[in-house]
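Observations on chain architecture
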Amino acid sequence: MTLNTENVLALAQAAGRTIVTSIGHLVCRASKLRKIVKHRREALALTQFDDRMLADIGLRRSDLRDALAESFWRDPTTLLVERVPGHRKDRDRPAQWQRPMPFVAPSIIPGPYTGEGFAWKSPR
């Protein structure tokens with residue numbers, strides 16, 4: 001079997017794609033690891049807050065312990081984000097805050113002309 005230019009070119013292109021894909025995966029993994037380390041550092045900074053300050057942002061000390069007990073490769077902030085809405089429901093709130101009234105914005109498209117008010121004409 002002889003190697004001609006087309007075969008060599010095809011092999012080089014396949015090898016190049018493999019190398020570029022591998023480098024892309026490594027960069028993606030390194031970026032995720034850097035983000036996890038940053039979030040872990042921020043979660044560790046939250047341990048310096050007292051319980052009142054944690055309650056202000058919707059967390060409990062046990063949430064921080066659970067989040068930091070996750071393995072090093074897992075982002076601790078995902079657990080914290082999941083737990084905040086549940087704790088906020090536990091707070092005592094005034095009745096009008098429990099179910100916010102839906103806001104209905106008026107339409108910016110004029111309705112059909114009814115003969116009253118301004119004289120709106122169809123563009124046709």
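Counting restarts for each chain: residues are numbered from 1 in the order of the written sequence. Local features are withheld for residues below a pLDDT of 70 in this predicted model, meaning they are given only at 70 or higher, and side-chain atom pairs are given and counted only at 80 or more; totals for whole chains, interfaces and linings count all residues. Only heavy atoms go into the side-chain values, all of them from the structure, while hydrogens and water stay out.

**As for the pattern of salt bridges**
The salt bridge criterion pairs a side-chain nitrogen of Lys or Arg with a carboxyl oxygen of Asp or Glu, the two atoms within 4 Å. Tallied over the full model, the rule gives six salt bridges. Glu42 is the partner of Lys38 in a salt bridge, and the nearest nitrogen-oxygen pair spans 3.9 Å. Placement of both Lys38 and Glu42 in helix α1 (residues 5–46) is noted, with a separation of four residues, approximately one turn of the helix. The residue Arg74 makes a salt bridge to Glu70 at a minimum N-O spacing of 3.4 Å. Ionic contacts of the salt-bridge type, sharing partners, join the residues Asp63, Asp66 and Arg83 into one network. Secondary structure elements follow DSSP: runs of H or I no shorter than four residues count as helices, runs of E no shorter than two count as strands, and numbering proceeds from the N terminus.

**Concerning the packing of α1 against helix α3 (residues 61–68)**
Packing of α1 against α3 leaves a shortest axis separation of 10 Å and a crossing angle of 150°. Of the possible angle classes, the one that applies to α1 and α3 is roughly antiparallel. Pair α1 / α3 crosses with left-handed handedness. Residue-level inspection shows Arg40, Ala43, Leu44 and Leu46 of α1 in contact with α3, the latter providing Leu64, Ala67 and Leu68. Inter-axis angles, ranging from 0 to 180 degrees, are taken between N-to-C directions of lines fitted to C-alpha atoms, where helices are fitted over the stretch in contact. Each angle gets one of four labels, with under 35 degrees taken as roughly parallel, over 145 as roughly antiparallel, 65 to 115 as roughly perpendicular, and the rest as oblique. Definitions for this section: a left-handed crossing has its near helix turned counterclockwise from the far helix by less than a right angle. A right-handed crossing has that turn clockwise. Residue contacts are defined here by distance: any two heavy atoms, one from each residue, within 4.5 Å place the two residues in contact.

**Remarks on the confidence of the model for the chain**
Across the chain, pLDDT averages 78, with 66% of residues at or above 70. Averaged pLDDT values for the elements of the chain fall to 54 in helix α5 (residues 95–98) and rise to 90 in α3. pLDDT gives the predictor's per-residue confidence on a scale running from 0 to 100.

**Considering the packing of aromatic side chains**
The aromatic pairing rule takes the rings of Phe, Tyr and Trp, using the six-membered ring of Trp, and pairs them if the centres are within 6.5 Å, calling planes under 30 degrees apart stacked, those over 60 edge-to-face and the rest tilted. Within this structure, the stated rule accounts for one aromatic pair. On the numbers, 5.4 Å between centres and 80° between planes, the contact of Phe72 with Trp73 is edge-to-face. Remark: exposure states derive from per-residue accessible area (1.4 Å probe, protein chains only) relative to the maximum for the residue type, with buried under 20%, exposed over 50%, and partly exposed in between. Assessed through its relative accessible area of 61%, Trp73 is described here as exposed.

**Remarks on the nonpolar core**
In this structure, Ala43, Leu46, Leu54, Leu59, Leu64, Ala67, Leu79, Leu80 and Val84 together form the largest nonpolar core, which totals nine residues. Listing elements by their share of this core, those giving two or more residues are α1, α3 and α4 (76–90). It is α4 that provides the largest number of residues to this core, a total of three residues. Those residues in contact with Leu80 that lie beyond four places of it in its chain are Ala43, Leu46, Leu59, Asp63, Leu64 and Ala67. To qualify as a nonpolar core, a set must consist of buried Ala, Val, Leu, Ile, Met, Phe, Trp, Tyr and Cys residues joined through side-chain atoms within 4.5 Å.

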